[in-house]
Amino acid sequence: MRCAVLGRPVAHSLSPVMHRAAYLELGVDWDYEAIDLGEDELGTFLDGLDETWRGLSVTAPLKRPLVALLDDVSEDVELLGVANTVILGEERIGHNTDVSGGLNALREAGIDDVVSARILGGGATAASMTLTLSRLGVRRLEVAVRDPARAGEVVEVARRCGMAVEVTSLTDHDHGVVDVLVSTVPAAVVDPFRAHQAEAVFDVVYDPWPTALAAEGEARGIPVVNGLDLLAHQAALQVHLMTGGTVRPSLLRGAAALELAAR
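What counts and how
Residues numbered from 1 in each chain as written. Predicted model: local features only at pLDDT ≥ 70, side-chain atom pairs only at ≥ 80, totals over all residues. Heavy atoms only, no water. Salt bridge = Lys/Arg side-chain N within 4 Å of Asp/Glu carboxyl O. Helix = DSSP H or I, 4+ residues; strand = E, 2+ residues; numbered from the N terminus. Buried < 20%, exposed > 50% of the residue type's maximum accessible area, 1.4 Å probe, protein only. Arc of directions from axis to C-beta. Contact = heavy atoms within 4.5 Å. Pairing = 2+ DSSP bridges. Right-handed = clockwise from strand over helix to strand, strands pointing away. Axes fitted to C-alpha atoms, helices over the stretch in contact; angles between N-to-C directions. Core = buried A, V, L, I, M, F, W, Y, C linked by side-chain atoms within 4.5 Å.

Colleague: Please explain the pattern of salt bridges as it appears in this structure.
Modeller: Side-chain pairs of opposite charge can arise whenever the charged atoms involved come near each other. Throughout the structure, instances matching the rule amount to 14 salt bridges. The closest approach of N and O atoms between Glu-156 and Arg-160, which form a salt bridge, is 3.0 Å. Taken together, the positions of Glu-156 and Arg-160, both in helix α6 (residues 152–160) and 4 residues apart, correspond to about one turn of that helix. Assessed through its relative accessible area of 38%, Glu-156 is described here as partly exposed. One salt-bridge network, in which partners are shared between bridges, spans Arg-8, Asp-36 and Glu-41.

This is the structure we're talking about:
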């Protein structure tokens, strides 16, 4: 059977090393590759797949346009309009493993049953993390963005989840303390002292690591979750959806860390 990660650019993706490590652990003779693909090529690519193809991981910029090309989607994809996984068979079924992967990564770090959160950024990742936070128990959400007009998607998801939501400026640092701070923006634009305004930090960046925000959080002794934790947990869910087998996220995280160290 064949699987792949699609995106542009995609050469940097850690998905191949993680999924191949999973196949080795499960003892299955499957193939997983990275395929550079633009939005205008996606439909033709999907139509050309034969019965040897079982699953696809999908990254930027394809997570949104993919949804219109699927036969059915999970509840998370229906809510977010974003899919990062396709299971192939008689139909194309879309899933979003970022939501549950983020939840599992946070819980692994002992972060659960929290009430308040702040998200830095307003894109697709921020929307997925909003749904994740709702399942963690968050009921009060602040969305800090450079342009408030671009926070609409995250605000809509938050309201659908029953959260009280406030939009603030990313450059305004005069905020109260929240239970969880989630950064979905480049490390260079984040003031590390934002870590003083949270009881836990989730920075979706993983390379280079640690970011200034994460280092400040670790210095304070609060739980810190990184993008590699998210990648490993969401990939473990993808492996299960594609193969039916179960692998430890720590196995995939280790494979990805070794790959990063070798680059």
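Colleague: Can you walk me through helix α7 (residues 212–220) in this structure?
Modeller: One turn of the α-helix equals 3.6 residues, which is why residues spaced by three or four share an orientation. All of the buried residues in α7 are Leu-213, Ala-214, Glu-216 and Gly-217. An end-on view of α7 places all buried positions within 160° of arc, on one side of the element. Buried residues belonging to α7 abut β10 (180–183), β11 (201–203) and β12 (224–226).

Colleague: In this structure, what is going on with the pairing of strand β8 (residues 140–145)? I would like to understand it.
Modeller: On any regular strand, side chains alternate: one points to one face of the sheet, the next to the other face. With 5 of 6 residues buried, β8 lies mostly within the body of the structure. Relative to β8, strand β7 (residues 116–120) is paired through 5 bridges, and the arrangement is parallel. Looking at the pairing, Ile-119 lines up with Val-143 of β8. Taken together, β7, helix α5 (residues 124–136) and β8 form a β-α-β motif whose crossover is right-handed. Of the pairings in the sheet, the one linking β8 to strand β9 (residues 164–169) comprises 6 bridges and is parallel in character. Following the sheet pairing, Ala-144 is matched in β9 by Thr-168. The handedness of the β8 to β9 crossover, carried by α6, is right-handed.

Colleague: How should the sheet that holds strand β1 (residues 2–7) be read in this particular structure?
Modeller: The pairing of strands in a sheet happens through backbone hydrogen bonds and is either parallel or antiparallel. As summarised here, the arrangement of the 6 strands in space is β2-β1-β3-β5-β6-β4, forming an open sheet in which the pairing is mixed. Edge positions in the sheet fall to β2 (31–36) and β4 (72–73), since each has one partner strand and no second. For strand β3 (residues 53–58) and strand β5 (residues 85–88), the ladder comprises 3 bridges, and the chain directions are antiparallel. Bridge pairing links Ser-57 to Thr-85 in β5. Contacts from helix α1 (residues 15–26) reach β1, β2 and β3, with the element oriented near 170° to β2. Strands β1, β3, β5 and β6 (92–95) of the sheet are contacted by helix α8 (residues 227–243), whose axis makes an angle of about 160° with β3.

Colleague: Whenever I open this one, the nonpolar core confuses me. Can you help?
Modeller: Generally speaking, soluble globular proteins have nonpolar side chains that are buried together. Among the nonpolar cores identified, the biggest contains 34 residues, and Ile-111, Leu-133, Leu-136, Leu-141, Val-180 and Phe-202 are the most heavily contacted of them. For this core, the secondary-structure elements that each account for two or more residues are α4 (97–108), β7, α5, β8, α6 and β10. At 6 residues, the largest contribution of residues to this core is made by α5. Discounting chain neighbours no more than four positions away, the residues touching Leu-136 are Leu-103, Leu-106, Arg-107, Ile-111, Asp-112, Asp-113, Val-114 and Val-180.

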